[in-house]
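Topology and contacts: notes
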Amino acid sequence: MPTAVPSSGLRSRLVVPTLAFGGVLMALMQTVIVPLLPALPGDTGSSPGTVSWMLTATLLSGAVLNPVLGRAGDMYGRRRILVGALVVMTVGSALCALTTDIGVLITARALQGTAAAVVPLATGILRDELPPHRVGSAVALMSSTVGIGAAAGLPLASIVVQHADWHVLFWVTTGLGALGAALSWWVLPRSSVRTPGRFDVVGALLLTTGLVGVLLAVSKGGDWGWTSPAVLGVGATGVLVLPLWGRHQLRVREPLVDLRLAARRTVLLPHLAALVTGFAFYANWLATVQLVQAPEGTGYGLGASALVASLCLLPGGVTMVVMSPVSARLSAARGARLTLVAGALVIAAAYVVRVFTSEHMWTITAGATTCSVGTGLVYSALPTLVIQAVPAAQTAAATGLNVLMRTIGQALCSTVVAVVLTTVTTTVPAGPGDAAGGTYASLDAYRIVFALAAAAALAAALTATAIPHTATPPSTGPGTREVPRRASRTPS
């Protein structure tokens, strides 16, 4: 375990803010595209189904690259890989700003997905560079930036779309990405802990194939048809390849993911909690935006604009940042396990209330914000539990796997919400308020979504109660070495 160097100098003081800014950028890239989706088919000459790949591509690349880049960071230096991820993300933004070709746009959005690895890499850097008493609060802040980035992305994109060409939005994200990459290169120190060895290329390829197959089937099942040959084919491929990947990981000397370590209760249970919490978190975001925009003719909808709907989530994002020091103090005093249980129970309680109070703007906003309070506690506790249970040299890979589980939970949630909201519907007749009429999700559909999210949050709380009270990181073993710190800023 490295000994943290006491904070001194401007660069040392900027480590945490710089990493937090990277976390905001990561979440921003995932959400800014949403308000653009209605206009992009006409602007690109593509179908809505083709345009939806701009969301899917980012999801898939982010999910795959989380554990892959996390492992690469542990081996070759976390600063180097983190800066590289931000540079690739920035290139993706610039490509989006320069084209209307849908093929290039989808490819560029896949490049932006590399930013998903920022959070696990940043968590590893914080563990290496900060004194032990500061790690908890810094990791909590890092986790909360995901909320503020997601909440800020929607209104930012909505404002740009209303007042300028949508390419301007990607020029903005290009500038922000370049700033984040430059700051990270200048501020962050060289990685002090690495795991030398050979990168598991075969494992990376198998993991990519398996995850893409499963997540593609889950994400596109509603569009392609759950029994279509495409969905069955890619889904079956993913399901068959992932066990092969697991077998390979158990046999190879230097695996991409240490499954024996991941199978320990102290690591496995936080991963399972991340899966179900990802479901609960994403339901809040998806349902709130659609609920507020539903037409008044449904009997419950408010007929609000996309901008107003996105602003309903902004207090929740701010709340996650405000709650980060609270979460850190609670974890320090009572343990991250208790923080995880408390956060999951807050989410569950908020959803139970939302089942009965989803017809007024203030109650919807209050409910969404309360969900964010619980999410802030959970997302701050999860990486703390993971880093307490793994050796320092595997921090980025282990936390990357935890973020991957969150992503899978979000993908499952997206599919379930889409099925519920398109199945449990109500018909709105044509009239002055809703000239065209149409079929919309009923209020009962949203209540079902909230009930499912509450159940997922309760599952997270129950899972957390089974996590052992103490977690001692395993020995780093012969494959881990600490890279001596240097006084100079030699590029890593």
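Residues numbered from 1 in each chain as written. Predicted model: local features only at pLDDT ≥ 70, side-chain atom pairs only at ≥ 80, totals over all residues. Heavy atoms only, no water.

**A word on the overall build of the chain**
The cut-off we apply is this: Runs of E in the DSSP output that reach at least two residues are strands. Runs of H or I that reach at least four are helices, and both are numbered from the N terminus. Both definitions apply: the radius of gyration is a C-alpha atom measure, and the globule rule equals 2.2 Å times residues to the power 0.38. Residues are treated as being in contact if the distance between any of their heavy atoms lies within 4.5 Å. For the area figures, the Shrake-Rupley method with a 1.4 Å probe applies, and any residue is considered shielded solely by the protein chains shown. Residues scored as positive are Lys and Arg, those scored as negative are Asp and Glu, and His as well as the terminal groups of each chain are ignored. Where a charge lies is defined by one atom per residue type, namely NZ (Lys), CZ (Arg), CG (Asp) and CD (Glu).
Of the regular secondary structure elements, the chain holds 20 helices and four strands. A compact globule built from 492 residues would reach a C-alpha radius of gyration of about 23 Å, and the chain, at 22 Å, matches this within 12%. On the principal axes, the C-alpha backbone points of the chain span a range of 70 × 50 × 50 Å. Considering only contacts in the chain between residues 6 or more positions apart, those separated by 24 or more positions represent 82%. Surface summary for the chain: the accessible area is close to 19,200 Å², and the carbon and sulfur share equals 68%. Between the centroid of the 29 positive side chains of the chain and the centroid of its 15 negative side chains there is a distance of 17 Å.

**Some words on helix 18 (residues 361-389)**
What counts is decided by this rule: Between the first and last residue of a helix there are one fewer steps than residues, each counted as 1.5 Å, and that sum is the expected span. Burial classes: relative accessible area under 20% of the type maximum marks a residue as buried, over 50% as exposed, and values in between as partly exposed (1.4 Å probe, protein chains only).
Taking 1.5 Å per residue as the helical rise, helix 18 with its 29 residues ought to reach 42 Å, and the 42 Å between its terminal C-alpha atoms agrees with that figure. Burial analysis of helix 18 places 23 of its 29 residues in the buried class, the great majority of the element.

**Some points on the confidence of the model for the chain**
What counts is decided by this rule: Per-residue confidence from the predictor is reported as pLDDT, which spans 0 to 100.
Considering every residue of the chain, the mean pLDDT works out to 84; 91% of them sit at 70 or more. Of all secondary-structure elements in the chain, the lowest mean pLDDT belongs to strand 4 (residues 481-482), at 46, while helix 20 (residues 443-465) reaches the highest, 95. Counting contacts from residues 1-7, a segment whose pLDDT is below 50, to residues more than four positions away or on other chains yields 19 contacts. The low-confidence segment residues 475-492 (pLDDT under 50) makes 48 contacts with residues lying over four places distant or belonging to another chain.

**Quick word on the environment of Ala457**
Of note, Ala457 is situated in helix 20. Among the residues examined, Ala457 registers a relative accessible area of 1% and is labelled buried. When the C-alpha atoms of Ala457 and Ala151 are compared, they prove to be 20 Å apart, with 306 residues separating the residues in sequence. Once residues within four sequence positions are removed from consideration, Ala457 is found in contact with Ala280, Ala344, Ile347 and Ala348.

**With respect to the environment of Thr427**
The topology assignment puts Thr427 in strand 2 (residues 425-428). Residues Thr427 and Ser442, 15 residues apart in the sequence, show an inter-C-alpha distance of 8.6 Å. What Thr427 contacts, discounting residues up to four positions off in sequence, is Gly438 and Thr439.

**Considerations on the packing of aromatic side chains**
Cut-off, in case you're wondering: Stacked, tilted and edge-to-face are the three classes assigned to paired rings of Phe, Tyr and Trp, where Trp is represented by its six-membered ring and a pair needs centres within 6.5 Å; plane angles under 30 degrees give stacked, over 60 edge-to-face, the rest tilted. We call a charge positioned above a ring when the Lys NZ or Arg CZ atom is no farther than 6 Å from the ring centre and deviates by at most 35 degrees from the ring normal.
Here the structure, examined in full by the defined rule, presents six aromatic pairs. Consider the rings of Trp166 and Phe170, whose centres lie 6.1 Å apart with planes at 85°: the pair is edge-to-face. Comparing Trp166 with Phe170 shows no difference in burial state: the two are buried. For Arg79, the ring lying beneath its charged end belongs to Trp185, and the centroid distance is 4.2 Å. A cation over a ring is seen here: Lys220 above Trp53, with NZ or CZ 4.8 Å from the ring centre.

**Considerations on the packing of helix 11 (residues 201-224) against helix 12 (residues 229-251)**
How two helices pack is summed up by the angle between their axes together with the distance between the axes. Short version of the rule: Under this scheme, a helix contributes an axis fitted over its contacting stretch, all axes are lines through C-alpha atoms, and angles between N-to-C directions fall in the 0 to 180 degree range. Put simply, angles under 35 degrees are roughly parallel, angles over 145 are roughly antiparallel, angles from 65 to 115 are roughly perpendicular, and the rest are oblique. When the near helix sits turned anticlockwise from the far one by under a right angle, the crossing is termed left-handed; a clockwise turn instead gives a right-handed crossing. Amino acid classes used here: Ala, Val, Leu, Ile, Met, Phe, Trp, Tyr, Cys and Pro are nonpolar; Asp, Glu, Lys and Arg are charged; the rest, including Gly, are polar.
Relative orientation of the contacting elements helix 11 and helix 12 amounts to 150°, with a least axis distance of 7 Å. As summarised for this structure, helix 11 and helix 12 are arranged roughly antiparallel, according to the angle between their axes. The chirality of how helix 11 crosses helix 12 is left-handed. Here the contact of helix 11 with helix 12 is composed, by residue class, of 16 nonpolar, ten polar and one charged.

**Things to note about the pattern of salt bridges**
Worth spelling out the cut-off: Here a salt bridge means any side-chain nitrogen of Lys or Arg lying within 4 Å of a carboxyl oxygen belonging to Asp or Glu.
Across all of its chains, the model carries three salt bridges by this definition. Residues Asp74 and Arg78 are paired through a salt bridge, measuring 2.8 Å at the closest nitrogen-oxygen approach. Asp128 serves as the salt-bridge partner of Arg78, at 2.4 Å between the closest nitrogen and oxygen. With a gap of 50 residues between them, Arg78 in helix 6 (residues 78-98) and Asp128 in helix 8 (residues 118-129) connect regions that are remote in the sequence. Each member of the pair, Arg78 together with Asp128, is buried. Beyond isolated ion pairs, a larger network of salt bridges with shared partners links Asp74, Arg78 and Asp128.

**Regarding the nonpolar core**
We count it as follows: Among the buried residues, those of types Ala, Val, Leu, Ile, Met, Phe, Trp, Tyr and Cys that are joined through side-chain atoms within 4.5 Å form a nonpolar core.
Membership of the largest hydrophobic core comes to 57 residues, with the highest contact counts inside it found for Leu340, Tyr351 and Tyr446. Among the elements of the structure, helix 14 (265-293), helix 17 (336-356), helix 18, helix 19 (395-423) and helix 20 are those that each provide at least two residues to this core. Aside from chain neighbours lying at most four places away, what touches Leu340 is Ala273, Val378, Ala381, Leu382, Leu385, Ala464 and Ile467. With 54 residues, the next largest nonpolar core counts Ile81, Met142, Ile387 and Leu404 among its residues.

**A short note on the side chain of Thr18**
Take Thr18: it is sitting in helix 2 (residues 15-31). The residues contacting Thr18, other than those within four sequence positions of it, are Leu183, Ser184 and Val187.

**Quick word on a nonpolar patch on the surface**
Rules: The patches reported here contain residues having more than 30% relative accessible area and no salt bridge. Joining distances are 9 Å for like charges and 5 Å for nonpolar side chains (Val, Leu, Ile, Met, Phe, Trp, Tyr).
A contiguous nonpolar patch, built from Val87, Val91, Leu95 and Val104 and spanning about 260 Å² of accessible area, is present on the exposed surface. It is helix 6 that contributes the most residues to the nonpolar patch, three residues altogether. Within the secondary structure, Val91 sits in helix 6. Its relative accessible area of 41% is what places Val91 among the partly exposed residues.

**Topic: the environment of Leu141**
Looking at the secondary structure, you find Leu141 in helix 9 (residues 132-163). Each residue touching Leu141, except ones within four places of it in the same chain, is listed here: Val16, Ala20, Val321 and Ser324.

**Notes on the packing of helix 8 against helix 19**
Axis separation between helix 8 and helix 19 bottoms out at 8 Å; the angle between their running directions is 140°. In terms of crossing hand, the pair formed by helix 8 and helix 19 is right-handed. Residues Val119, Pro120, Leu121, Thr123, Gly124 and Arg127 of helix 8 form the contact with helix 19, whose own contacting residues are Thr395, Ala396, Thr399, Gly400 and Val403. Looking at the contact of helix 8 with helix 19, its residues break down into five nonpolar, five polar and one charged.

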